Amino acid sequence: MGSFVLICCLVASFTLVIVESSCKFDIAVYYETRCPDSKGFLINQLYPTYKEMPDIMNIDLVPYGKASYKQNGESTVFTCQHGPKECQGNLIQACAKKYLAVDELMKLTVCMERSYAPETQLDECAKQENITQTASIQSCVSGNEGTQLLRQLGDRTHALTPKMTFVPWVTLGGVYNENFQNEAITDLKSALCDRCQGTKPAGCSPSKRRM
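Now for a quick tour of the structure.

About the thresholds
- Residues numbered from 1 in each chain as written.
- Predicted model: local features only at pLDDT ≥ 70, side-chain atom pairs only at ≥ 80, totals over all residues.
- Heavy atoms only, no water.
- Helix = DSSP H or I, 4+ residues; strand = E, 2+ residues; numbered from the N terminus.
- Buried < 20%, exposed > 50% of the residue type's maximum accessible area, 1.4 Å probe, protein only.
- Polar contact = N/O pair within 3.5 Å; in protein donor to acceptor, adjacent residues only side chain to side chain.
- Disulfide = S-S within 2.5 Å.
- Salt bridge = Lys/Arg side-chain N within 4 Å of Asp/Glu carboxyl O.

The subject of this paragraph is the overall build of the chain. When helices and strands are tallied, the chain shows eight helices and six strands. Element order for the chain, N to C, with α for helix and β for strand: α-β-α-β-β-β-α-α-α-α-α-β-β-α. Sorting the 211 residues of the chain into buried and exposed places 45% on the buried side.

Quick look at the environment of E52 now. Note that E52 resides in helix α2 (residues 36–52). Here K189 takes part through its side chain, which lies 2.9 Å from a polar atom of the side chain of E52.

Going through the model one piece at a time under the given rule, you end up with five disulfides. Through a disulfide, C95 is tied to C140; the S-S separation comes to 2.1 Å. Handedness of the C95-C140 disulfide follows from its S-S torsion of about -75°: it is left-handed. You can see C95 sitting in helix α3 (residues 84–99) and its partner C140 sitting in helix α6 (residues 134–142), a full 45 residues away along the chain. For C95, a relative accessible area of 0% translates into the label buried. A relative accessible area of 0% means that C140 is categorised as buried. There is a disulfide in this structure between C111 and C125, and the S-S distance comes to 2.2 Å. Its torsion about the S-S bond being -80°, the disulfide of C111 and C125 is classed as left-handed. Here C111 is found in helix α4 (residues 102–113), whereas its partner C125 is found in helix α5 (residues 122–128), with 14 residues between them in sequence. Judged by its relative accessible area of 11%, C111 is buried. When the bonded cysteines of the chain are counted from the start of the sequence, the pairing works out to 1-9, 2-3, 4-7, 5-6, 8-10.

Moving on to the pattern of salt bridges. A side chain with one charge may pair with a side chain of the opposite charge, provided their charged atoms come close. On inspection of all chains with the given rule, the structure shows eight salt bridges. The residue D60 makes a salt bridge to K97 at a minimum N-O spacing of 2.5 Å. Here D60, found in strand β2 (residues 57–63), pairs with K97, found in helix α3; they are 37 residues apart in sequence, far enough to count as distant. The partner of K98 in a salt bridge is E145, with the nearest N and O atoms 2.6 Å apart. On the criterion of sequence distance, the pair formed by K98 in helix α3 and E145 in helix α7 (residues 144–158) is long-range, its members being 47 residues apart. Under the relative-accessibility criterion, E145 is labelled partly exposed at 27%. Among the charged side chains, a network of salt bridges with common partners joins D60, K97 and R156.

That is the geometry; function is a separate question.
Written as structure tokens, this is what we have:
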């Protein structure tokens with residue numbers, strides 16, 4: 001009987017630790033490469049929070065936004081909110097997502113988004129961030145692979161529930177929550193820290209919170 005009680009206690013304690021240490025978030029960002037609000041969120045919220053607390057974030061970038069596409073014969077024609085140049089930027093970042101690890105992707109994306117014309121910045125930003133996969137990305141962009149990747153991101157975006165009404169559109173764990181969206185747009189770091197259960201990362205300490 002004594003052994004049985006001990007085993008139960010150990011199991012209960014182990015389960016408690018798992019629950020208490022839950023602090024890992026799946027964050028998807030649906031955005032447009034030429035949208036000022038998207039740029040601001042990527043540069044001022046997502047990237048600084050990721051740099052400080054990368055271990056608590058699984059980031060999924062979805063560069064498509066309020067675009068649409070239609071089939072014209074054998075070609076797919078994309079229409080983007082900020083014009084054809086934005087479609088090109090979305091396409092480049094869709095291909096970059098395929099060929100880069102998340103850390104490289106974040107660096108490249110933010111570097112590109114600092115420019116008024118991000119679609120022109122692939123080579124310059126790749127050089128600046130020591131990214132060597134530009135040939136693969138460019139081949140993807142110029143071929144059918146990029147078209148298919150952007151269509152897939154478009155299908156994901158069109159299938160969102162509730163429907164996306166503005167960008168950036170941020171989901172947590174695959175679910176859209178208006179409260180989280182509003183918090184994340186202005187202070188993503190605090191929005192995540194407030195949702196951490198148990199031991200919080202060092203970046204969540206009061207002295208490191210953004211004022």
